[in-house]
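Observations on chain architecture
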Amino acid sequence: MTENEALKRMKMCIGISPSENIVNSFKMISDALEELQQYRELGTIEEILKVFNNQRTIIAAQHETLEQYRKIGTIEEFKALKEKSTPMKPIPNISPEEGKVVCWTCPSCKKKYWNGYYFPPLTFDKVCTNCLQAIDWD
Ligand SMILES: [Zn+2]
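Predicted model, so just to flag it, every value in this text is computed and none were measured. Chains are numbered independently. Their residues run from 1 in the order of the written sequence. Per-residue local features are limited, in this predicted model, to residues with pLDDT of at least 70; the limit for side-chain atom pairs, both in listing and counting, is 80 or more; totals at the level of whole chains, interfaces and linings are taken over all residues. As a rule here, side-chain values come from all non-hydrogen atoms in the structure, and water together with hydrogens is ignored.

Side note on the coordination of the zinc ion
For clarity, the threshold we go by: The donor definition counts N, O and S atoms within 2.8 Å of each metal and applies 3.2 Å to Na, K and Ca; water is not among these atoms, so some sites may look incomplete. Accessibility here uses a 1.4 Å probe with only protein chains present; expressed as a share of the type maximum, an area under 20% marks a residue as buried, one over 50% as exposed, and anything in between as partly exposed.
The zinc ion binds to the protein through Cys106 (SG), Cys109 (SG), Cys128 (SG) and Cys131 (SG); the donor distances cover 2.2 to 2.3 Å. Read from N- to C-terminus, the donor residues coordinating the zinc ion fall into the pattern C-x2-C-x18-C-x2-C. Of the two residues examined, Cys128 and Cys131, each falls in the buried class.

Here you go:
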């Protein structure tokens, strides 16, 4: 007997013998069967578990990635780091007496780099040693 046949037969029994206990019992069974049918329309237990486990795996992976980001720093720290990694031109400081560049200033933290008249300064790194701002000496 299929579930639909059982449901049909129960409805017939209710029509023949409509006692309150039987009606209530059949209603519970009928509701359970209809709920079961709705689940089955969505897939087998194995199929639903597979989807559920896939989703759980994806969520766990996203959570792990988020935790890895958080271990490194906050969103604000990442934004600041990204801005610092975009090279900026150093600001030349020209001596009014000599009319020449006498030092360079970090565009982020304003630290001054003194290194004679060479451009780019011979011993300077590609980043500011004070604030890690990437410097474009080209
Ligand atoms: Zn700096």
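From this point, things continue past the structure.
Some words on the domain arrangement of the chain
Spelled out, the test is: Here the limits of each domain have been adopted from an automatic or database domain assignment.
The domain architecture assigned to the chain consists of domain 1 (3-72) and domain 2 (75-138). Placing the centre of domain 1 and that of domain 2 at their C-alpha centroids yields a distance of 65 Å.

Some points on the environment of Val101
The condition that has to hold: Here a helix means four or more residues in a row that DSSP labels H or I, a strand means two or more in a row labelled E, and each is numbered from the N terminus.
Among the secondary structure elements, Val101 is positioned in strand E2 (residues 101-105). Note on Val101: relative accessible area 24%, which makes it partly exposed. Spatially, the C-alpha atoms of Val101 and Trp114 are 9.7 Å apart, while their sequence positions differ by 13 residues.

Description of the environment of Ile14
Threshold: Note on contacts: a residue pair qualifies if any of its non-hydrogen atoms lie within 4.5 Å across the two residues.
For Ile14, the position within the fold is in helix H1 (residues 3-16). Classification of Ile14 as partly exposed rests on a relative accessible area of 24%. Ignoring sequence-local partners within four residues, the contact set of Ile14 consists of Val23 and Phe26.

Some words on the packing of H1 against helix H2 (residues 20-42)
Note the cut-off: All axes here are fitted lines through C-alpha atoms, helices being fitted over the stretch that makes contact, and every angle between N-to-C directions spans 0 to 180 degrees. By definition in this entry, angles of less than 35 degrees are roughly parallel, angles greater than 145 are roughly antiparallel, angles of 65 to 115 are roughly perpendicular, and the rest are oblique. Note: crossing handedness is left-handed where the near helix turns anticlockwise from the far helix by less than a right angle, and right-handed where it turns clockwise. Polar here means any residue other than Ala, Val, Leu, Ile, Met, Phe, Trp, Tyr, Cys and Pro, which are nonpolar, and Asp, Glu, Lys and Arg, which are charged; Gly is therefore polar.
One can describe the packing of H1 onto H2 by two numbers: an axis separation of 10 Å at closest approach and a directional angle of 160 degrees. When the axis of H1 is compared with that of H2, the two are roughly antiparallel. Crossing geometry of H1 relative to H2 is assigned as left-handed. Mapping the contact onto sequence places Glu3, Asn4, Ala6, Leu7, Met10, Lys11, Cys13 and Ile14 in H1 and Val23, Phe26, Ile29, Ser30, Leu33, Glu34, Leu36, Gln37 and Arg40 in H2. Class assignment for the residues of the contact of H1 with H2 results in ten nonpolar, three polar and four charged.

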